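Structure assessment
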Amino acid sequence: MICIYNSPEGVGKDLSHAYFPQAAFDEVVEKNGWYFGKRGDGYVALYSQKPATWQPDQAGVMNDLVVPGRQNSWICETGSRKEWGSFEEFVEKIAGSKVACNGLDVTYHSSASGTIEFG
């Protein structure tokens, strides 16, 4: 999935965010601009075009990745042990994939799905 956030001035907040509750996963890894989560034999990878930071909710729980600004692109890829092998293999393959962002145009070279473009 590629999601492009492009909010006009005066509409919404001056940020984009992704709900990524650390406590919901057995393991969370950050590598090469990607955020990875493992739960059982299921995997998720989330990429932000611009650097994201963890932001706690009101109870202090790390649930959100936040990026300041009105434009950002997010990429999400999911999988499982059956498709990718170990979680470590999933992390290495996705973290090593090529992502190109040119303004609001995004190209992602997925190991599983081939080249995906959106803009």
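In what follows, the accompanying structure is described. (Residues numbered from 1 in each chain as written. Predicted model: local features only at pLDDT ≥ 70, side-chain atom pairs only at ≥ 80, totals over all residues. Heavy atoms only, no water.)

Some remarks on the sheet that holds strand β9 (residues 99-102)
The strand order across the open sheet built from three strands is β9-β10-β11, with neighbouring strands paired in antiparallel fashion. Single-partner strands in this sheet number two, and they are β9 and β11 (114-118). The average angle at which neighbouring strand axes cross in this sheet is 10°, direction not considered. Sheet topology note: the strand β10 (residues 105-110)/β11 ladder contains five bridges and is antiparallel. Note that in β11 the partner of Y108 across the bridge is I116. (Pairing = 2+ DSSP bridges. Helix = DSSP H or I, 4+ residues; strand = E, 2+ residues; numbered from the N terminus. Axes fitted to C-alpha atoms, helices over the stretch in contact; angles between N-to-C directions.)

A look at the pairing of strand β3 (residues 27-31)
Two elements, β3 and strand β4 (residues 34-39), share five bridges in a ladder whose sense is antiparallel. In the sheet register, E27 faces β4, and the bridge partner there is K38.

Details of the environment of I2
With respect to the helices, strands and loops of the structure, I2 is situated in strand β1 (residues 2-6). Accessibility expressed as a relative area gives 14% for I2, which makes it buried. Each C-alpha atom, one on I2 and one on S97, is 15 Å from the other, the two residues being 95 residues apart in sequence. What I2 contacts, discounting residues up to four positions off in sequence, is W74, I75, V106, Y108, I116, E117 and F118. (Buried < 20%, exposed > 50% of the residue type's maximum accessible area, 1.4 Å probe, protein only. Contact = heavy atoms within 4.5 Å.)

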